[in-house]
Amino acid sequence: TLNAAAKTAAAESELPSIYIEALGHLLQDDTPPLATLPDQDVITIAKEILQNIYTKEWSEAGQWAAEEAKLYKLGGSAADVSMAMGKLVMGSALIDYLRTFIEAIEYKLGVEGVKKPELLTKKRNVGDDVVYGPVNMSATLPGNTFQVWTTPSDNMESEEEKDTEESSNELGKVAVVLGAGNQSMLTIIDVLDNVLRHRRPVIVKHHPLRPWLAAPYAIILEPLATRGYFSQCEDVSVDVTKTLLSHPAVKHVHITGSFSTAKAVEDVLQKANPTLSSSKVKSMVTSELGCATPQIIDDGDYTELELLHAASMIACGKKSNCGSNCLSPQVVVMSKQWKQKDLFREKLLEELKRQPTTPCYYPGSVDKNKSLVDGCKQFGSKCTTIVAPSVSEETAVGEGDHVVLVECGTPGEEGFNSQPLLVEAFGPTLSIIELDSEQDENEMFLASVVVPFLNNKDNIFGSLSCSVFTPKSKGSYERLEKVLSTLNYGTVAINQMNLFGYTASAKGGIWGGHSLETLGQSGNGNIGDLFGIIGKNTAKVVVYGPSLETKPPLDNASPPPTVVLDIVREFVCTDSILKGMGNALALVISRTFYGTLSYLPIVGRFVGSK
């Protein structure tokens, strides 16, 4: 039997030098374990990271945002918007996470002048649930709030899980974060969650689609790297990744990806640790995986404007990133007996045609969705390709990039097609199902029909997030409390896009699959819970949007001008409002000056050539 030193040497001998150096950086004998650092020292690290974001050097590092636009196959104005939006999203997500983390720890330590966090001041009981909030989502999303719903659980942490958590904080033990392939900010949030919240030193293995993220990450996370708590390396091959995961120092792995990839990671860890039980190996992996995301249409009387806005949000979510998001709408759920169902279909088709199409850049997405649609056609389902204009004149889109709308029918009736419900499409496939609610009164459709259907994972894949749309005519949101309590999804958004559940995770909420979904289709564990109010309880985030009469915050056909996105970033990514105003004013003056020059024939030609 190899001793620990020999086993380590054997594993390292099969790793490229960059991986050995990255591991060695985290395994220095003089680096104190993260778990032993006083909270005040961890706050200092978090504040240093925050200052690095305020400098904005990261936003141009390695031209990562331009590389991302190339990955998305975008050109012209679409590329410009992508670059500006990418920088804003990454910066604002990191700042929200870090500010909330600092607030939580300083409140815990009793730092003078730090008030009790707002989320903790609003606490009430709804049946067996303990509800925190609501609190405002963001200054840029007026009228939107979120709550955290927790339910006491008997699933206390096992001794095996405790052992694994403790071992990942010991000297010489590290966590591997496998980079996400579809969004640039996900991996760095996963790093912060592991290092700051769980106190695990992290090595990032970047996704092969996004090697250029190493440049901005190096600037932002420099305070962790210099202390020996963070290192990163580019992807080399699947075999090299397996060897990294098999290294005896690796005691935890976090992955944002697919269900099959998460299972493959567990298999690698089991082979590398044959003496561990399968449950202990499973506890070594946290994951955020996919979902056949439901978009639930409550029955009732809607105005045409309400129907339009609900359809607009579903279309926007579906067409963003060409459907290659874990939270992309996939299944529209409505009552077979709903009197406005045909009118809603018309609105949905109109929105899918109006909002532009983006290229399906993600490897395998086009083929996977074509195979899914072909199977539905063979089954006899009506499949309609919704052709829409490209997101810009300079961006080429093909037939496989457009949304295909699949009519699945009604469960239990002849011709019902469950195929689009049982897999994550991760592409431009959207399906509609009609649930039979004839035996249930109007007010009971959600509670008696929708909830039991969606909670049964034989019917639909995953439990990550969903949206519920309901008309103003049915009254206040309080009538939905029973539905919110029993619907087993990690995020439930009311009259809003479910993607904002992720936003809430950086402000005290959580993001991840629902813990009662025992198959783990949407992953294991969560990110967030920065105030520590969830622990091992069953929990979900509920996002409340305004009435459907309010114009949705996002519309792919009318993206904000790049200058507006950059001005917002100047306000958000700064440590003071006054400085943000100054930076925004300087930006406007600069853009105006060069814009004016561009209209002068000679000087404009010179500026354009630059």
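Nothing here was measured: the structure is a model prediction, and the numbers come from that model.

Draft legend 1. Molecular detail of the overall build of the protein. When you go through the protein residue by residue, the secondary structure sums to 22 helices and 19 strands. Across its three principal directions, the C-alpha atoms of the protein cover 70 × 70 × 55 Å. Put simply, the protein has 610 residues, and 54% of those count as buried. Summed over its atoms, the accessible surface of the protein is roughly 25500 Å², and 54% of this surface lies on carbon and sulfur atoms. With 54 positive and 73 negative side-chain charges, the protein shows a spacing of 2 Å between the two charge centroids.

Draft legend 2. Fine view of the sheet that holds strand 8 (residues 285-288). Taken together, 6 strands build an open sheet; the order of strands is 6-5-4-7-8-17 and the sheet is mixed. Each end of this open sheet is capped by a strand with a single partner; those strands are strand 6 (230-233) and strand 17 (523-524). As judged from the 4 bridges shared by strand 5 (residues 202-205) and strand 6, these two strands associate in the parallel manner. Across the sheet, isoleucine 203 pairs through a bridge with serine 231, a residue of strand 6. In this fold helix 12 (residues 259-272) packs onto strand 4 (174-178), strand 7 (250-256) and strand 8, with an angle of close to 170° to the strand it touches most, strand 7.

Draft legend 3. Seen up close, the pairing of strand 3 (residues 145-151). Judged by how many residues are buried, strand 3 sits mostly within the fold: 6 of 7 residues are covered. As judged from the 5 bridges shared by strand 2 (residues 129-136) and strand 3, these two strands associate in the antiparallel manner. Residue valine 135 lies in a different strand from strand 3, and its bridge partner there is phenylalanine 146. Where strand 3 lies against strand 19 (residues 538-544), 7 bridges are found, and the strand directions are antiparallel. Note that in strand 19 the partner of glutamine 147 across the bridge is valine 542.

Draft legend 4. Geometry of the sheet that holds strand 9 (residues 293-297). Read across the open sheet, the 11 strands follow the order 1-2-3-19-15-14-9-10-13-12-11; overall the sheet is mixed. Each edge of the sheet is formed by a strand with only one pairing partner; in this case those strands are strand 1 (123-126) and strand 11 (382-386). Across the sheet, the mean angle from the axis of one strand to that of its neighbour is 25°, orientation sign disregarded. Pairing of strand 9 with strand 14 (residues 465-469), which is carried by 3 bridges, proceeds in the parallel orientation. Of the residues in strand 14, the one forming a bridge with glutamine 295 is serine 467.

Draft legend 5. Layout of the side chain of aspartate 39. When you line up the elements, aspartate 39 lands in helix 3 (residues 39-55). Within polar-contact distance, the side chain of aspartate 39 engages the side chain of arginine 199 at 3.0 Å. Excluding its chain neighbours within four sequence positions, the residues that come into contact with aspartate 39 are Ile105, Lys108, Leu109 and Arg199.

Draft legend 6. Up close: the packing of aromatic side chains. This model, assessed by the stated rule, comprises 9 aromatic pairs. Judged by centre distance (4.8 Å) and plane angle (55°), the rings of tyrosine 72 and tyrosine 361 are tilted. In this pair, tyrosine 72 is assigned in the loop between helix 4 (64-71) and helix 5 (76-109) and tyrosine 361 in the loop between helix 15 (341-354) and helix 16 (365-379), connecting sequence segments 289 residues apart. The residues tyrosine 72 and tyrosine 361 share a single accessibility class, namely buried.

Draft legend 7. How the structure looks around the state of the cysteines. Inspection of every chain in the model, using the stated rule, returns 1 disulfide. Bridging cysteine 322 to cysteine 360, the disulfide has an S-S length of 2.3 Å. As the torsion about the S-S bond is roughly -55°, the cysteine 322-cysteine 360 disulfide counts as left-handed. With cysteine 322 in the loop between helix 14 (304-319) and strand 10 (329-335) and cysteine 360 in the loop between helix 15 and helix 16, this pair connects stretches of sequence that are 38 residues apart. On the basis of relative accessible area, cysteine 360 is assigned to the buried category, the value being 7%. We note that cysteine 376 lacks a disulfide partner, and the nearest cysteine sulfur, in cysteine 383, lies 5.1 Å from it.

Draft legend 8. Looking closely at the pairing of strand 7. By the criterion of burial, strand 7 is predominantly enclosed, with 7 of the 7 residues buried. Two elements, strand 4 and strand 7, share 5 bridges in a ladder whose sense is parallel. Its bridge partner lying in strand 7, valine 174 is registered against valine 250. Two elements, strand 7 and strand 8, share 4 bridges in a ladder whose sense is parallel. For valine 253, the partnering residue across the bridge sits in strand 8 and is valine 285.

Draft legend 9. Fine view of the side chain of arginine 200. Residue position: arginine 200 is located in the loop between helix 8 (184-197) and strand 5. Overall, the relative accessible area of 3% leaves arginine 200 in the buried class. Reaching out from arginine 200, the side chain makes a polar contact with the side chain of histidine 252 at a distance of 3.2 Å.

Draft legend 10. Structural context of the packing of helix 3 against helix 5. Relative orientation of the contacting elements helix 3 and helix 5 amounts to 155°, with a least axis distance of 10 Å. In terms of orientation, helix 3 lies roughly antiparallel with respect to helix 5. Both helix 3 and helix 5 take part in a crossing whose hand is left-handed. Contacts between helix 3 and helix 5 involve Asp39, Gln40, Val42, Ile43, Ala46, Lys47, Ile49, Leu50, Ile53 and Tyr54 from the former and Gly91, Leu94, Ile95, Leu98, Arg99, Phe101, Ile102, Ile105, Glu106, Lys108 and Leu109 from the latter.

Draft legend 11. Geometry of unusual backbone geometry. The amide bond that connects glycine 133 to the next residue, proline 134, takes the cis arrangement and shows omega of 15°. Mapped onto the secondary structure, proline 134 falls in strand 2. For asparagine 321, which is not glycine, the phi torsion reads 60° and is therefore positive. Take asparagine 321: it is sitting in the loop between helix 14 and strand 10. Classification of asparagine 321 by relative accessible area gives buried; the value is 14%.

Draft legend 12. Structural view of the pattern of salt bridges. Overall, the coordinates contain 29 salt bridges when judged by the stated rule. Glutamate 481 is the salt-bridge partner of arginine 124, the closest N and O atoms lying 3.2 Å from each other. Residue arginine 124 is located in strand 1, and its partner glutamate 481 is located in helix 18 (residues 481-486); the two are separated by 357 residues in the primary sequence. For lysine 472, the salt bridge is made with glutamate 549, and the minimal N-O distance between the two is 3.7 Å. Of this pair, lysine 472 sits in the loop between strand 14 and helix 18 while glutamate 549 sits in the loop between strand 19 and helix 20 (562-572); the two residues are 77 residues apart in sequence, bridging distant segments of the chain. Judged by relative accessible area, which is 38%, glutamate 549 ranks as partly exposed. When salt bridges that share partners are traced, they join Lys341, Asp342, Arg345, Glu407 and Glu434 into one network.

What counts as what
Here the residue numbering is sequential within each chain, running from 1 through the sequence in written order. Reporting of local features is limited, given that this is a predicted model, to residues whose pLDDT is at least 70; pairs of side-chain atoms are given and counted only at 80 or more, and all residues count toward the totals for whole chains, interfaces and linings. Each side-chain value is derived from all of the structure's non-hydrogen atoms; neither hydrogens nor water enter the calculation. The way it works is that DSSP assigns letters per residue, a run of H or I at least four long becomes a helix, a run of E at least two long becomes a strand, and they are numbered from the N terminus. Think of it in three bands: residues with accessible area under 20% of the maximum for their type are buried, residues over 50% are exposed, and the middle band is partly exposed, with areas taken using a 1.4 Å probe on protein chains only. Throughout, the Shrake-Rupley method with a 1.4 Å probe supplies accessible areas, and for residues the shown protein chains are the sole cover considered. Residues scored as positive are Lys and Arg, those scored as negative are Asp and Glu, and His as well as the terminal groups of each chain are ignored. Throughout, a charge is located at the NZ atom of Lys, the CZ atom of Arg, the CG atom of Asp or the CD atom of Glu. Between any two strands, pairing holds if DSSP finds at least two bridges. By definition, residues are in contact when any of their heavy atoms lie within 4.5 Å. The axes used here are C-alpha line fits, helices contributing only the stretch in contact, and every angle between their N-to-C directions lies in the interval 0 to 180 degrees. Between N or O atoms, a polar contact is any pair within 3.5 Å; within protein, one atom must be a potential hydrogen donor and the other a potential acceptor, and residues adjacent in sequence are included only when both atoms are from side chains. Stacked, edge-to-face and tilted are the three classes for Phe, Tyr and Trp ring pairs, Trp counted by its six-membered ring, which pair at centre distances within 6.5 Å; planes under 30 degrees apart are stacked, over 60 edge-to-face, the rest tilted. Here, a disulfide means two cysteine sulfur atoms that sit within 2.5 Å of each other. Our angle categories are set so that under 35 degrees counts as roughly parallel, over 145 as roughly antiparallel, 65 to 115 as roughly perpendicular, and the remainder as oblique. For any pair of crossing helices, the crossing counts as left-handed if the nearer helix is rotated counterclockwise from the farther one by less than a right angle, and right-handed if it is rotated clockwise. Each salt bridge in this description consists of a side-chain nitrogen of Lys or Arg and a carboxyl oxygen of Asp or Glu lying within 4 Å of one another.

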